[in-house]
Amino acid sequence: MENSSNKKLYVISGSSGVGKGTVLKGFMAKHPDFALSVSCTTRAPRVGEIDGINYFFLTKEQFQECIDNDKFLEWAEFAGNRYGTKEKYIRQCLNNGMNVILEIETKGALQVKKKMPEAILIFIAPPSLEELEQRLRGRHTEDEETIQKRLNEVKKELECAKQYDYTVINDKVENAISALEKIITGEQEKC
Ligand code: 5GP
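These lines cover the structure that appears in this document, whether it is placed above or below. (Residues numbered from 1 in each chain as written. Predicted model: local features only at pLDDT ≥ 70, side-chain atom pairs only at ≥ 80, totals over all residues. Heavy atoms only, no water.)

So, about the pattern of salt bridges. Under the criterion given, the structure shown has 15 salt bridges. Between Lys30 and Glu181 there is a salt bridge, with its nearest N and O atoms 3.4 Å apart. Of the two residues, Lys30 sits in helix 1 (residues 20–30) while Glu181 sits in helix 7 (residues 173–189), which places them 151 residues apart along the sequence. According to the relative accessible area criterion, Lys30 is exposed, its value standing at 53%. (Salt bridge = Lys/Arg side-chain N within 4 Å of Asp/Glu carboxyl O. Helix = DSSP H or I, 4+ residues; strand = E, 2+ residues; numbered from the N terminus. Buried < 20%, exposed > 50% of the residue type's maximum accessible area, 1.4 Å probe, protein only.)

Here it is, written out as structure tokens:
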């Protein structure tokens, strides 16, 4: 993918329940000049989620049509649903001089790295698997089967994290936000 500006693509992944949403929200609040990509998904909206803001909620057929028409920079299946990043939006942001952040799972992140080796991959990890399981249960948004599926994904994701450029341990949200800022500022200074 061509990028005519010197802006960077940051790909952030983290296990379910690790609090990466909170860390990212904290980062974005301080850096409104970064574009946060809105993904497409076939999963049903959770209470309070809005189409076009949290995700573009697509039917399985609409998602398949995007795959067939090569619209995705990356896409992957996660816990029984499909998720994908539209390439056009990312290209436009970079060319318009914006740094872009993708918040996606690891299979997709590694696809991005293959297509755009200059993308910076950052993994947000839980302090421990036990603590993560507690957080997932405490959220009360998923049933037991879904929690088990997600924990299995977490173990696979921690393996993939070894291929990332950076890992941030989310022991405390404020520390994780500072660590993320430090990494991104360091990368921005390399421009
Ligand atoms: P959730 O259903 O909890 O919103 O997201 C489940 C997983 O899908 C998370 O790990 C999230 O980062 C990931 N995800 C969200 N959007 C995308 C996307 O566009 N592509 C990929 N590969 N994963 C995504």
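Picking up after the structure, the text goes on.
It is worth spelling out the sheet that holds strand 4 (residues 56–57) at this point. Strand order in the open sheet formed by four strands is 4-3-6-5, with mixed pairing between adjacent strands. Strands with a single pairing partner mark the edges of an open sheet, and in this sheet they are strand 4 and strand 5 (72–78). Bridging between strand 3 (residues 40–41) and strand 6 (residues 81–86) involves two bridges; their strand directions are antiparallel. Among the inter-strand pairings, Cys40 is bridged to a residue of strand 6, identified as Gly84. Each of strand 3, strand 4, strand 5 and strand 6 is contacted by helix 2 (residues 60–68), which is oriented at about 45° to strand 6, the strand it contacts most. Along the sheet face, helix 3 (residues 87–95) touches strand 5 and strand 6 and points at about 35° away from the line of strand 6. (Pairing = 2+ DSSP bridges. Contact = heavy atoms within 4.5 Å. Axes fitted to C-alpha atoms, helices over the stretch in contact; angles between N-to-C directions.)

This part covers the site of the ligand. The ligand sits among 16 residues. The nearest are Arg43, Tyr55, Tyr83, Glu103 and Glu105. Residue Ser39 places a side-chain N or O atom 2.7 Å away from an oxygen atom belonging to the ligand. Those elements that place two or more of their residues in the shell around the ligand are strand 5 and strand 6. Per-class residue counts for the shell around the ligand are five nonpolar, four polar and seven charged. (Near = heavy atom within 4 Å. Polar contact = N/O pair within 3.5 Å; in protein donor to acceptor, adjacent residues only side chain to side chain. Nonpolar A, V, L, I, M, F, W, Y, C, P; charged D, E, K, R; others polar.)

Further remarks concern the nonpolar core. Core analysis: the largest hydrophobic core is formed by 20 residues, its most contacted members being Ile101, Ile122 and Ile184. Contributing elements (two or more residues each) for this core: strand 1 (9–14), helix 1, strand 8 (120–125) and helix 7. Ranked by residues supplied to this core, first place goes to helix 7 with five residues. Ignoring sequence-local partners within four residues, the contact set of Ile122 consists of Tyr10, Val11, Ile12, Ser13, Tyr164, Tyr166, Val168, Leu180, Ile183 and Ile184. Counting residues in each nonpolar core, the second largest holds 19 residues, with Leu9, Ala35, Ile90 and Phe123 among its members. (Core = buried A, V, L, I, M, F, W, Y, C linked by side-chain atoms within 4.5 Å.)

We now examine the sheet that holds strand 7 (residues 100–103). A sheet is described by the order of its strands in space; here five strands give the open sequence 2-7-1-8-9, paired in parallel fashion. Strands with a single pairing partner mark the edges of an open sheet, and in this sheet they are strand 2 (35–36) and strand 9 (166–169). As paired strands, strand 1 and strand 7 are joined by four bridges and run parallel to one another. Of the residues in strand 7, the one forming a bridge with Ile12 is Glu103.

This brings us to the state of the cysteines. The final tally for this structure, using the stated rule, is zero disulfides. With no disulfide of its own, Cys66 has Cys40 as its nearest cysteine by sulfur position, at a separation of 5.5 Å. (Disulfide = S-S within 2.5 Å.)

Contact geometry of helix 1 with helix 7 gives a least axis separation of 9 Å together with a crossing angle of 55°. In terms of their interaxial angle, helix 1 and helix 7 are classed as oblique. You can see that helix 1 and helix 7 cross each other, and the crossing is right-handed. Between helix 1, through Thr22, Val23, Gly26, Phe27 and Lys30, and helix 7, the contact on the second element is made entirely by Val173, Ala176, Ile177, Leu180, Glu181 and Ile184. Its residues placed into classes, the contact of helix 1 with helix 7 shows seven nonpolar, two polar and two charged. (Parallel < 35°, antiparallel > 145°, perpendicular 65-115°, else oblique. Left-handed = near helix turned anticlockwise from the far one by under 90°.)

Note that every value here comes from positions in space, so none of it alone points to a role or purpose.
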